[in-house]
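# Chains, contacts and geometry: an overview
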Amino acid sequence: MSLSRSVTISYYDPYGVAPKVVKDIESRLPLKSLYWHDPPRPLRSINSLSVLLKEETTNGESVLQHQIPGLLDTPYMKIILVKCDDNDTYRSSVRRTIREWFTTHVASRRDSTEWLIFYCAPNGSSSSSTLRLKTSVFDKIKADFNTTSKEDRCLLIRPNSTTAEEEDLWNEIMTKIKEGILDSFGKRVHMYEEEVKKLEAKKSIPGWNFATFFVMKEGLALSFEAVSLLEDALIQYDALDATFMQLMKENNVTFLKEVGFSTDSMVPLLSRKDDPAVRHNILENNISLFDFKCYLFSRQASLLLQLMSAAASPSMVAVRIAEFLFRARNFTLEISKMLLSYKKNSYLVANWVFGIVQEVMNVTESMPEVLQGGKTRDVAEGKAEIIMLARSSIERIAKMKGWSINDDIEEVNINDDDDQDNEINDQVMHPKLKEVIANEESYVSTYMSLTDAARNYFESADRTRSVDKLRVEMAKIKYRSEDYEGAAELLSSLPQIYNSQGWEAISTNLFLMYADCLYHLHRKEDYLKIYLQLLANRKSSSVASVQEICQRIQKASKIGETAKVTTATTTTTTTTTAMTATYPLDSLFTTKLADHVDLSDKQEDTLSITLFVNNEFRTKWKIDSILVRLIESSGIRQALIFKSSHASIIDHGTTKVVLTTRHNIPGLYAIDSIEFAMGNLLLVKDYADQRYSIGESNSRNDSNKSNTDEKVKNSINNHQLVLYQQPGNMDVQVHPSSKQYLADARKVIIEVHTGWNNVHSGQLIARSASSGFKLRLNDSIAEVQRQSKNEGHYGNRDNEQFDAYEITKSPEQAMKIRFGELGSQAILRLTVPYSAEPDAKELYVRVQIEFRVASSGGSGDDNKDDTDELFTLSVIRHCSLALSLAVNVQDVFKAEKLFSKFSVSCVGKNTAPLRVLSTKLIGQDEFDVKSSGSSNSAFVVLAKQSASYVFQITHKNDGSAKRHHGVDGDQNGKPTTPLMLHIRFRKLEDEMRHSITRHVRTTLAAYDMSKYGFLIDHHVQSLVSCDTSTYGFLDKIDLTKFDLEYWQRLIKNVPELDRPKILKALNNLFVEISKDAEQELEPLTKEMIIPVEIPIVELLFTLELWYNPPATSPGATTSSDNPATATKSFSDCVFYIGEAIPVTLELTLSRSWGSHGGRKDVQDGSSGQAEFVYEVFADPDTWIVSGKRKGNFLIDIEHDDDKKDAVVRVPLVLLPLKRGNLLLPPVEVRPALRQYERLTAEVDYKNNAESILVLPEVSNVVFSVSE
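Residues numbered from 1 in each chain as written. Predicted model: local features only at pLDDT ≥ 70, side-chain atom pairs only at ≥ 80, totals over all residues. Heavy atoms only, no water.

As a further point, take the pairing of strand β46 (residues 1169–1176). Counting buried residues in β46 gives six out of eight residues, a clear majority hidden from the surface. Bridge count between β46 and strand β48 (residues 1190–1196): seven bridges; the pairing is antiparallel. Counted as the bridge partner of Gln 1169 is Asp 1196 from β48. Both β46 and strand β51 (residues 1227–1231) contribute to a ladder of five bridges, which runs antiparallel. (Buried < 20%, exposed > 50% of the residue type's maximum accessible area, 1.4 Å probe, protein only. Helix = DSSP H or I, 4+ residues; strand = E, 2+ residues; numbered from the N terminus. Pairing = 2+ DSSP bridges.)

This is the structure:
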């Protein structure tokens, strides 16, 4: 690496004072913190400036100066050191010496040079004294040589100064030196720039001298370099390079004598310094093109290396290294191509290139480590490019020796002249290059090392394509040297990479090479995959080669042959050998799945799909098995597999393959994968990225038409299949019991309908798919109905005959049971108890049934397990466990009767309307019940319209005693068996959907399309919005809205041959239909049984107002104290406003609805009595009540059958204040003390809502009319 230039300061010492002064100056070098500002340039900062002190001699005066400033190398500052004792000596000799020095060494120079005079005052002189009485020598020097008053060029150096004075003195001296250097530098820059402008202005003139322009421009660059402005210097050299290249392009270079390049040119490039001799040669047109380009690059490289060393941060070091490497690479490539184009000896050119690369790598490796990051990648890329130059140089020399590594390099015959050149060049060859090409083994080893090093650098630089190219070359070398393992490792991914980039021919060659490596390594499975990949790249192959590849694939995929190659033991059973090679199916075949599912016509629970396989090759393929895996589009995403039943032959063209499954899981499915098994080869097409989940954002029970329509549309557009059952298939229904006992444990019914399946055995797994529910399947009770006449009908079967059935429960799995033979058209009913959280109302049950059906090929019962066919059904069923109705009761107590009013209203989801068929209240041993005439009439119960039923409850003749004495009751006399309220009802929505289902099945049966009943019914039900209110009054269902576009999309889920019949059936389906007959709807009837407890009323107060007419009144009794003889009714009497109405308030206490023994916890001490209060409330605007309208009375708490009902009579007088039918005042009875509030009491006020007629006092009114 060349050292940076320095600024030269010369000094002239005619009086021998330099040693001390020069030492002081050198101790303060290099100069620090210089700032040069030359508008319009920005401020330049020079952190450190190297200065070279050089002594002048008298001999220098005779040196002739060159006329071109660019060739001058003069000091930037000149200093004369003077010493004089007195004025006389100064006048006689010293002044003359200074003038001669200035004239000869300063004024005569073309380059701008600053100058200073250092006067070293002797000891004891006046110049060194602080008190001067006369003019000193220093003053005379200043007066003689300071050119202006503002510019002081004379400096005084005093001996014996204090430390502070000396420091101030030298600070002033160094400041003067800095200012002088910068001033001289600025003037020189201006001079060079003016000269360059003048020369550049003449550039268009023929015969323009580029050499002079170069020298002047370089002088400017050297000036910048001298003051450490390296970037500015590099800009000048780059401008020179650009100008030269433009001249070369225009063929206007006249200063070069020849191309150059010989054995003498084998000198280091980066160690060159700026040589004035080279500049002289350029001016004298005595330089070759090669030497000129090398000199110019060496100067650029020197500046880059200096910038690299002066960089302030590792990242900037990386920037400079990367720039240097790319410039070196471009320079080397440019010069080597130029030399070869001029027919220079390629042997020497390669030797020169190798030497340049070694220099560059040595320089960059000595640089400090740089930070990781983007700039480091640039460094790695540059190093990789440089290493590739070295590799190309040794490759060119090896080619001359007849050593060939890469087929891409053509072999060249070497003639005798070349051999002679080789002998000559061996003497000047780079020492390291001699070692490399000593023999072919050394050459190959070095070639591989350089390639691997370049690859590593390219990887660091993210140059993936360059890395792949080098990996290919290394793989070829390893392959030819029979290093198959190393070659295979490198080739593992290269063919695919080149194939993805469109280089099919290269990819095919690499595949063949890789396959041969795998063959020698006995990796037959990978070997098979390679041929499959070759087949995928068949566009670049001929028809014959494609057929050969197909044959090799079939041969390699045979299990027996593969096993023979890979193992020492021959495989005898091919069906048990596992698949060892997996490859994309699309590389061999294109497939298309039919958009519908085929239902079985043989009364089997099987589903079929059709797969169309297109074979482009003119080769038959034998596929052992074909498998299509479907997956649910939503939910838990269950998988369903369709398989081929036998081997398939795929001929040229399109082949139709039918796949079946015995696993029925209804739902919407997307294709998950397709698999072709061919020997030990598995071809797979995965649709995981193409699956589209439908309706995930919608709820499970969404019946909205737009959402349903969108689902069907998506299922068609995304190649999804709708799987559904057909009538006669195994099916499962889950519903609550038709008779719901509120007092019983909670249970749910699971019904298994075998359909046409002759079930021999099976197992059932049932799990709750809803949170908050837990099914206890092991506690279930099983019943069976064989050969059911209504097997296809679902609903209430409580009136049908079921037989007990024994099932096997699984102790290790609580959700599984096993069952035996059921036969066809049978129903297995499981009553399953469950536990649920209080707010859990909607139950979803996932039921999975595996069952065996007796095969037609079976030979006997002993072999049934071996010959029976296994089928699977998996469904999710919904069951609403929320109560459909609510019952409110209102009791009215009488002394001998109890009237209960039951109001039935609809509750639950959307308050679905009900049809209440009948309501019965069943009595028991103690009570008789009588109902009103409407209890057996059907009523429609709407959301805001309930149905009410009234029942009369009375004691039986012997029931009163039993109740009071606690016979057949508990200790409080409460009956053990309550009354039972039976309510039979149906949901109107269930009736409507039952009618729709019946209508759909009837219509489809007319066109022999019954097998699509489940599919069509499901979509009809989802489209219909049940208007239960209209249906409840009119018993009509409107199905007239027929969306043809919707159904045309839907019927694509059925085979094409059946679609016209389905459309015809649909045209007749959408009409107005009537409600089904009562007999057909009976299975939908549910019955709720509610226990009704008779409330215990310990005290029943019967209140009645007796009218006591006055004795003077007609028909009045003589004693008003006897209410039995008084008038009991107010209806026959007429009263007047203000008339006193005598009445008696009679309070009768009855315990007929109470318990035996009374309440001990409310008894007052030992008296056994309780105090109550009665109060008559009267509107003061209507009545005036006279008498004891409020009073207390005592009653006995303990019950005694011998005592009669207690009676309290209170006389009162009522005065009406208004006319009209006035209601009698209400009367209230309540406990007097808080402790008696625990007693249950009711009041029977017989005069409640009874009114009397009150008239005005005037009975006759006379109107007079005057004329």
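Turning next to the sheet that holds strand β50 (residues 1220–1223). The three strands are arranged β44-β53-β50 in an open sheet whose pairing can be described as mixed. The open sheet has two free edges, formed respectively by β44 (1134–1136) and β50, since each of these has just one partner strand. Averaged over all neighbouring strand pairs, the angle between strand axes comes to 45 degrees, with direction disregarded. Sheet topology places β50 next to strand β53 (residues 1251–1255); four bridges connect them, and they run antiparallel. In the sheet register, Asn 1221 faces β53, and the bridge partner there is Leu 1253. (Axes fitted to C-alpha atoms, helices over the stretch in contact; angles between N-to-C directions.)

In this structure the tally under the stated criterion is 39 aromatic pairs. Measuring from ring centre to ring centre gives 4.2 Å for Phe 297 and Phe 331, while their planes differ by 5 degrees; the resulting arrangement is stacked. Note that Phe 297 is positioned in helix α8 (residues 289–310) and Phe 331 in helix α9 (residues 314–341), a separation of 34 residues in sequence. Both residues of the pair, Phe 297 and Phe 331, count as buried. Cluster of aromatic residues (ring-pair linked, three or more members): Trp 208, Phe 210, Phe 213, Phe 214, Phe 244, Phe 292 and Tyr 295. Lying across the ring of Tyr 76, Arg 188 places its NZ or CZ 4.0 Å from the centre. (Phe/Tyr/Trp six-rings, centres within 6.5 Å; stacked < 30°, edge-to-face > 60°. Lys NZ or Arg CZ within 6 Å of the ring centre and 35° of its normal.)

As a further point, take a nonpolar patch on the surface. Together, Val 1134, Tyr 1136, Leu 1253 and Leu 1255 line one region of the surface with nonpolar side chains, adding up to about 290 Å² of accessible area. Classification of Leu 1253 by relative accessible area gives partly exposed; the value is 35%. (Patch = residues over 30% accessible without salt bridge, like charges linked within 9 Å, V, L, I, M, F, W, Y side chains within 5 Å. Areas by Shrake-Rupley, 256 points an atom, 1.4 Å probe, with all protein chains shown as cover. Salt bridge = Lys/Arg side-chain N within 4 Å of Asp/Glu carboxyl O.)

Between the first and last C-alpha of helix α25 (residues 988–1006) there are 27 Å, a value that for 19 residues agrees with the 27 Å anticipated at 1.5 Å per step. All of the buried residues along α25 are Leu 988, Glu 991, Met 992, His 994, Ser 995, Ile 996, Thr 997, His 999, Val 1000, Thr 1003 and Leu 1004. Phi turns positive one or two residues past the end of α25, at Asp 1008, with a value near 60 degrees. (Expected span 1.5 Å × (residues − 1).)

We now examine the side chain of His 105. Relative to the helices and strands, His 105 is located in helix α2 (residues 87–107). A distance of 3.2 Å separates the side chain of His 105 from the side chain of Glu 56, its partner in a polar contact. (Polar contact = N/O pair within 3.5 Å; in protein donor to acceptor, adjacent residues only side chain to side chain.)

On the basis of which strands lie adjacent, the open sheet formed by three strands has the order β48-β46-β51 and antiparallel pairing. At either margin of the open sheet sits one strand with a lone partner, and together these are β48 and β51. Neighbour-to-neighbour, the strand axes of this sheet turn through a mean angle of 30 degrees, independent of strand direction.

The residue Arg 984 is located in strand β39 (residues 979–987) in this model. On the basis of relative accessibility, which here comes to 25%, the residue Arg 984 falls in the partly exposed class. For the pair formed by Arg 984 and Ser 738, sequence separation is 246 residues and the distance between their alpha carbons is 9.6 Å. Excluding residues that lie within four positions of it along the chain, Arg 984 makes contacts with Arg 915, Val 916, Leu 917, Ser 918, Glu 1082, Thr 1085, Lys 1086 and Glu 1087. (Contact = heavy atoms within 4.5 Å.)

As a further point, take the packing of α25 against helix α26 (residues 1013–1023). Where α25 meets α26, the axes come as close as 10 Å, and the angle between the chain directions of the two elements is 140 degrees. The angle between α25 and α26 places the two elements in the oblique class. Note on packing geometry: the crossing formed by α25 with α26 is right-handed. Note on element contacts: α26 touches α25 through Gly 1013, Phe 1014, Ile 1016, Asp 1017, Val 1020 and Gln 1021, opposite Arg 993, Ile 996, Thr 997, Val 1000, Arg 1001 and Leu 1004. Looking at side-chain class alone, the contact of α25 with α26 contains six nonpolar, three polar and three charged residues. (Parallel < 35°, antiparallel > 145°, perpendicular 65-115°, else oblique. Left-handed = near helix turned anticlockwise from the far one by under 90°. Nonpolar A, V, L, I, M, F, W, Y, C, P; charged D, E, K, R; others polar.)

Everything listed is a geometric property; what it means functionally is a separate question.
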